[in-house]
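Overview (structure and organization)
The lines below spell out each chain.
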Amino acid sequence: MPSPGQEMAERVLRNAISRGDMPPGYRLVEAEMVELIGVSRSAVRLAIDVLAAEGLVERIQNKGARVRVVSTEEAIAITECRVPLEGLLAAKAAERITDAEAERLRAHLQIMTAAVDSGDLQKYSELIQQLHGMVAEAARHPIAADLVSRLQAQLVRHQFRLSLRPGRPRVSLSGLGALVEAIADRDPARAEVAVTTHLRGVIAALSETSSSGGPA
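Description of the layout of surface pockets
Its volume calculated, the largest pocket comes out at about 720 Å³. Together, 35 residues line the largest pocket, and S18, R19, Q129, A153 and V156 are the ones closest to its centre. Those elements that provide at least two residues to the lining of the largest pocket are α1 (4–19), α4 (72–96), α6 (121–139), α7 (142–152) and α8 (156–163). Residue composition of the lining of the largest pocket, grouped by class: 14 nonpolar, 13 polar and eight charged.

Here it is, written out as structure tokens:
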């Protein structure tokens, strides 16, 4: 079993990578991580090993560890893997959501709309991450939620770059709005279709970036 120090290091590093605080290519210097997190060097080293096994971190020979750089092609493949898992979570969320959770989802959608209206795309990207977390919480399916979280953490950079594409935030917001309404209406079939449609749109947008030679 991992020690409390290792678990803390895993949690801090995973959250920092997921939020984009440690972007792709960011070097994970053990001594700096020890000071940042406040745990032992062995705990940091073991945590990095775990994140490397999850695909969030890579070790470079003679250069230590860094946050893994995910190509556009990999991002597409990862998103394809997310489709059935997110569909499951959306359907379960629609089945199991409470009235309070439904109200929070709808309130969160209003905040997302305001972020898009104001052009705050960094905030909008973060709000998308939070929305997926809220859906996973309502689904009460920890295995699927954990798998999705691990996959999604690798896509932060690509998600933010897509949000910078002219017109993309409005398209994204429409798809996620349909997802929120389906879950809040407790319609599992419609929720699954909504998230599948949204993710297929993400895949199409990523494919356009890849074929146009845009940033990976």
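We are not done yet, so read on.
Some remarks on the nonpolar core
Residues M112, Y124, L179 and I183 are the most contacted members of the largest nonpolar core, which totals 46 residues. Residue assignment for this core shows that the elements contributing at least two residues are α4, α5 (99–118), α6, α7, α9 (168–184) and α10 (188–211). If you tally residues by element for this core, the top one is α4, at nine residues. Apart from residues no more than four positions distant in its own chain, I183 is found in contact with A90, A93, A94, I97, L105, V135 and A191. Ranked by size, the runner-up nonpolar core spans 19 residues in total, among them A9, A16, M22 and A153.

A closer look at the packing of α6 against α8
Remark: α6 packs on α8, axes separated minimally by 9 Å, with the N-to-C direction vectors making an angle of 130°. Between α6 and α8, the angle is such that the two are oblique. α6 and α8 meet at a crossing whose hand is right-handed. Within the contact between the two elements, α6 uses L121, Q122, S125, I128 and Q129 and α8 uses V156, Q159, F160 and S163. In the contact of α6 with α8, the residues fall into four nonpolar, five polar and no charged.

A look at the pairing of strand β2 (residues 57–60)
Bridging between β2 and strand β3 (residues 64–67) involves four bridges; their strand directions are antiparallel. By the bridge assignment for β3, R59 is matched with A65.

Here's the deal with the sheet that holds β2
In space, the three strands of this open sheet follow the order β1-β3-β2, with antiparallel pairing throughout. Every interior strand has two partners, whereas the edge strands, β1 (27–28) and β2, have only one. Running over the sheet, helix α3 (residues 41–54) touches β1, β2 and β3 and is turned about 110° from β2.

What to know about the pattern of salt bridges
One pass over the structure, following the stated rule, counts 19 salt bridges. The salt bridge involving E58 is made with R66; its shortest N-O contact spans 2.6 Å. Judged by relative accessible area, which is 30%, R66 ranks as partly exposed. Here R82 ties to E86 by a salt bridge, and the two come within 2.6 Å at their closest N and O atoms. With a gap of four residues between them, R82 and E86 both fall in helix α4, about one helical turn apart. Grouping residues by exposure puts R82 and E86 together as buried.

The rules we used
- Residues numbered from 1 in each chain as written.
- Predicted model: local features only at pLDDT ≥ 70, side-chain atom pairs only at ≥ 80, totals over all residues.
- Heavy atoms only, no water.
- 1 Å grid on protein atoms, 1.4 Å probe; cavity = no way out; pocket = protein on both sides within 12 Å on 5 of 7 lines; lining within 4 Å.
- Points joined across faces, edges and corners; volume = space filled by probe spheres on them.
- Helix = DSSP H or I, 4+ residues; strand = E, 2+ residues; numbered from the N terminus.
- Nonpolar A, V, L, I, M, F, W, Y, C, P; charged D, E, K, R; others polar.
- Core = buried A, V, L, I, M, F, W, Y, C linked by side-chain atoms within 4.5 Å.
- Buried < 20%, exposed > 50% of the residue type's maximum accessible area, 1.4 Å probe, protein only.
- Contact = heavy atoms within 4.5 Å.
- Axes fitted to C-alpha atoms, helices over the stretch in contact; angles between N-to-C directions.
- Parallel < 35°, antiparallel > 145°, perpendicular 65-115°, else oblique.
- Left-handed = near helix turned anticlockwise from the far one by under 90°.
- Pairing = 2+ DSSP bridges.
- Salt bridge = Lys/Arg side-chain N within 4 Å of Asp/Glu carboxyl O.

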